[in-house]
Amino acid sequence: MLRRTASSASISSTATSTTTTSRSSSSTSSALAALTARLGLTNLAASIMPPSPPASLLGSSSMPSSSSSLTPPPLSKSSAQRKTQRSKKGRRKAAKGRGKKSTKPLAHAFAFRPSSHLASCTDHQDALRELDLDYFKVFIAPAAGPRAFVSAGFEKRLKSLLKNDQISSVKWLVGGSTGALRFMAFVNSLVSNRNLTWELKEHYVRMYYKTGDTPSVLKPMMEQVYSICAPEESVARALKHPTFKLAILVANISPWFRHLPDPILKLVLAGYFVGNMVNPNILSTLCTRICFYTGDEPPTFMDHGLGGGANIQYVPLTPANVNQVLHATTCVPFVQENCNYIDGVGHGRFVDSALTDYYLNFSVQDPTLPALLLADSEDCHIFPTAFDSYLPWKRVAPQSLFKHCSAVFPEASYLHALPDRSLPSMGDWFKEEYIANPAKRHRHWRAVFDLSERHWHAAMLRAKSISTQ
């Protein structure tokens, strides 16, 4: 799920408190350690502070200092009245300023990369202009940690279209790790009285680093994440939603390797990392893909992925296995407690889906199922697997995967409008300035979420504009 990175370019931290990689290690070993860290939640604990209200996503400039509790000397009645009037006037002025800021559009907050079919077919272009998000039949969210919420405005817009009866066909919500969590929270929000999308974002915001955390420490924290996304009182209804179907991806380690001791399995993964440099298809011998789905029919359009149709298994997602599946899709080897059993599959070694499907690693072949990838990189680098993101040449998804899949992603103006001019990452937990002042990270991340929600409409305007060219 959440991915630990030391920066957008490199990771030098280890993935667990019991496994470390020295700075003098070989480049392959270092890259593998970085990959393991990138895949998941490393040495984190969630300290759940009282949540800030949604209206304060851009928040005050700082947390209250210890001196703020001091009581000022009493004022005379006239002084108090004057101060109250000045305070009210200041608040009105500030509110007016904030209102202007929130309505000012960023013309190029998001960019749109049309599928090759959309770019060449006028009928599809007309349909996109008329239908907005309803044009797409498949939505894909990457397994990219807190950066995934760069596209937080997507859920808000989709929910609005549904409320206004502007969603006319069944939609597939496809994702693993963080992508699976956000889509699960979204569908459960539709059948409950809670804004679980916001609750999940706030949970990410309020997590903090704690040295020495172990899998047993992380377990209750992760269980809290799952309970946010799939509340017991609503999950059965969510899994039967008539419009939005879920497809959650999980990787299952091959029986050849799943029972190996951790030190040996780490060597196996290192070997596959090297092998992936030469032939990416080699990963199909390391693990199989499992798609847990809702609805009556499996999403067989996902057959055209790593290892082809013979390397993917479709299993119904049910109230009995939903928490097991959420554990599996976010389970980082050697970091979180192993996921060794899922109802409907049986025993296995189930791990984070980023190992097989990081951003996009399957091709939608059916032109009647146009897809949209919610990318989170300003350069639109789309990595098929987490291994690929650590290759020296950064192997990106081939153009063939975009035959019927479009992508939306943030542009430079989005970053420039943020307080710290950067997108969220797991590395933020380990930045000294954020460790010293967690409230600064909280404000920055909330600004990222709020900016996305305020300007997602511009993403679709951009899409419609590009489709007319």
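Just so it is clear, the model here is predicted, and its values are computed rather than measured. (Residues numbered from 1 in each chain as written. Predicted model: local features only at pLDDT ≥ 70, side-chain atom pairs only at ≥ 80, totals over all residues. Heavy atoms only, no water.)

Colleague: Where do I start with the overall build of the chain in this structure?
Modeller: What the chain contains, in helices and strands, is 14 helices and twelve strands. For the chain, with 469 residues in total, the buried portion stands at 53%. Taking the intrachain contacts of the chain between residues at least 6 apart in sequence as the baseline, contacts between residues at least 24 apart amount to 78%. Accessible area for the chain stands at about 20,300 Å²; split by element, carbon and sulfur atoms hold 55% of it. (Helix = DSSP H or I, 4+ residues; strand = E, 2+ residues; numbered from the N terminus. Buried < 20%, exposed > 50% of the residue type's maximum accessible area, 1.4 Å probe, protein only. Contact = heavy atoms within 4.5 Å. Areas by Shrake-Rupley, 256 points an atom, 1.4 Å probe, with all protein chains shown as cover.)

Colleague: What is the right way to read the confidence of the model for the chain from this model?
Modeller: Should pLDDT be low for a region, the predicted coordinates there are not to be read in detail. In the predicted model, the chain carries a mean pLDDT of 79, and 75% of its residues have values of at least 70. Looking at the elements of the chain, mean pLDDT is at its lowest for strand 1 (residues 44–46), recorded as 41, and at its highest for strand 4 (residues 171–175), recorded as 98. In the predicted structure, residues 36–80 sits below a pLDDT of 50 and forms 104 contacts with residues beyond four places in sequence or in another chain. Predicted confidence is poor over residues 93–103, with pLDDT under 50, and the contacts of this stretch with residues over four places away or in other chains come to two contacts. (pLDDT = per-residue confidence, 0-100.)

Colleague: Help me understand the environment of Ile 382, please; the structure alone is not making it clear to me.
Modeller: With respect to the helices and strands, Ile 382 occurs in the loop between strand 11 (371–374) and strand 12 (405–410). The sequence separation of Ile 382 and Ala 397 amounts to 15 residues, and the corresponding C-alpha distance is 5.6 Å. Discounting chain neighbours no more than four positions away, the residues touching Ile 382 are Tyr 359, Leu 360, Leu 373, Ala 375, Arg 395, Val 396, Ala 397 and Phe 402.

Colleague: For this particular structure, what's the right way to read the packing of aromatic side chains?
Modeller: One pair of aromatic rings is described through two measures. These are the centre distance and the angle between the planes. Under the defined criterion, the tally for this structure stands at 17 aromatic pairs. With 4.9 Å between their ring centres and 75° between their planes, Tyr 135 and Phe 136 make a pair best called edge-to-face. According to the relative accessible area criterion, Tyr 135 is buried, its value standing at 5%. Ring centres of Phe 186 and Phe 244 lie 5.3 Å apart, and the angle between their planes is 80°; on these two criteria the pair is classed as edge-to-face. Taken together, the residues span a long stretch of sequence, with Phe 186 in helix 6 (residues 178–190) and Phe 244 in strand 6 (residues 244–253) at a distance of 58 residues. (Phe/Tyr/Trp six-rings, centres within 6.5 Å; stacked < 30°, edge-to-face > 60°.)

Colleague: Would you mind showing me how to read the environment of Ile 435 here?
Modeller: Counting through the fold element by element, Ile 435 comes out in helix 13 (residues 432–436). Remark: the alpha-carbon pair of Ile 435 and Tyr 208, spanning 227 residues in sequence, is separated by 8.3 Å. Beyond its immediate chain neighbours, meaning those up to four positions away, Ile 435 contacts Trp 429 and Phe 430.

Colleague: I keep staring at the packing of helix 6 against helix 7 (residues 196–206) and nothing clicks. Help me out?
Modeller: The description of two helices packed together rests on the angle between their axes and the distance between the axes. Remark: helix 6 packs on helix 7, axes separated minimally by 7 Å, with the N-to-C direction vectors making an angle of 145°. Listed contacts from helix 7 to Thr 178, Leu 181, Arg 182, Ala 185, Phe 186, Asn 188 and Ser 189 of helix 6 are Leu 196, Thr 197, Leu 200 and Tyr 204. Classifying every residue of the contact of helix 6 with helix 7 by side-chain character gives six nonpolar, four polar and one charged. (Axes fitted to C-alpha atoms, helices over the stretch in contact; angles between N-to-C directions. Nonpolar A, V, L, I, M, F, W, Y, C, P; charged D, E, K, R; others polar.)

Colleague: What should I look at first to understand the pattern of salt bridges in this one?
Modeller: Two side chains carrying opposite charge are able to pair once their charged atoms lie near each other. Taken as a whole and judged by the stated rule, the model has 18 salt bridges. Across the salt bridge formed by Asp 132 and Arg 157, the nearest N and O atoms sit 2.7 Å from each other. Here the residue Asp 132 occupies a position in the loop between helix 4 (122–131) and strand 3 (138–141), and Arg 157 occupies one in helix 5 (residues 153–163), the gap between them amounting to 25 residues. Residue Asp 132 is classed as buried on the basis of its relative accessible area, which comes to 6%. Through salt bridges with shared partners, one network takes in Asp 132, Arg 157 and Lys 464. (Salt bridge = Lys/Arg side-chain N within 4 Å of Asp/Glu carboxyl O.)

Colleague: Hey, could you run me through the nonpolar core in this one?
Modeller: Of all hydrophobic cores here, the largest spans 74 residues; its most connected members are Leu 133, Met 184 and Tyr 414. By residue number, the principal contributor to this core is helix 14 (residues 438–467), which donates eight residues. With sequence-adjacent residues up to four places away left out, Met 184 is seen in contact with Cys 229, Ala 230, Leu 239, Leu 246, Ile 248, Leu 317, Val 322 and Leu 326. (Core = buried A, V, L, I, M, F, W, Y, C linked by side-chain atoms within 4.5 Å.)

Colleague: Before we go on, may I ask you to explain the side chain of Thr 294 in this structure?
Modeller: Along the chain, the position of Thr 294 falls in the loop between strand 7 (287–293) and strand 8 (312–316). Judged by its relative accessible area of 2%, Thr 294 falls in the buried class. Within the structure, the side chain of Thr 294 is placed 2.8 Å from the backbone nitrogen of Leu 246, a separation counted as a polar contact. Once residues within four sequence positions are removed from consideration, Thr 294 is found in contact with Trp 172, Leu 239, Phe 244, Lys 245, Leu 246 and Leu 317. (Polar contact = N/O pair within 3.5 Å; in protein donor to acceptor, adjacent residues only side chain to side chain.)

Colleague: Explain the environment of Gln 313 to me, please; I cannot follow it from the model alone.
Modeller: Within the secondary structure, Gln 313 is located in strand 8. Exposure remark for Gln 313: the relative accessible area of 36% places this residue in the partly exposed category. Linking Gln 313 and Pro 298, residues 15 residues apart in sequence, is a C-alpha distance of 9.7 Å.

Colleague: Quick question: what am I supposed to make of the packing of helix 7 against helix 8 (residues 215–229) here?
Modeller: Viewed as axis vectors pointing N to C, helix 7 and helix 8 meet at an angle of 160°, and their least axial separation amounts to 9 Å. With respect to helix 8, the element helix 7 is oriented roughly antiparallel. As helix 7 packs across helix 8, the resulting crossing turns out to be left-handed. Listed contacts from helix 8 to Leu 196, Glu 199, Leu 200 and His 203 of helix 7 are Met 221, Gln 224, Val 225, Ile 228 and Cys 229. (Parallel < 35°, antiparallel > 145°, perpendicular 65-115°, else oblique. Left-handed = near helix turned anticlockwise from the far one by under 90°.)

Colleague: It is not clear to me how helix 11 (residues 322–329) should be interpreted in this structure. Could you clarify?
Modeller: Since there are 3.6 residues in each turn of an α-helix, residues three or four apart along the chain are aligned in direction. Of all the eight residues making up helix 11, six are buried; the element is thus mostly covered by neighbouring parts of the structure. Here helix 11 has its buried residues at Val 322, Val 325, Leu 326, His 327, Ala 328 and Thr 329.

Colleague: Sorry, what's going on with unusual backbone geometry here?
Modeller: What you tend to see is this: most non-glycine residues have negative phi, and most peptide bonds are trans. In this structure, Ser 177 takes a positive phi of about 55° despite not being glycine. Relative to the assigned elements, Ser 177 resides in the loop between strand 4 and helix 6. One non-glycine residue, Phe 334, lies in positive phi territory at about 75°. Following the sequence through the fold, Phe 334 ends up in the loop between helix 11 and strand 9 (339–342).

Colleague: Would you mind showing me how to read the state of the cysteines here?
Modeller: Every disulfide links exactly two cysteines, by a covalent bond between their sulfur atoms. Within this structure, the stated rule accounts for zero disulfides. With no disulfide of its own, Cys 339 lies 6.0 Å from the sulfur of Cys 331, the closest cysteine sulfur. Under the relative-accessibility criterion, Cys 339 is labelled buried at 3%. (Disulfide = S-S within 2.5 Å.)

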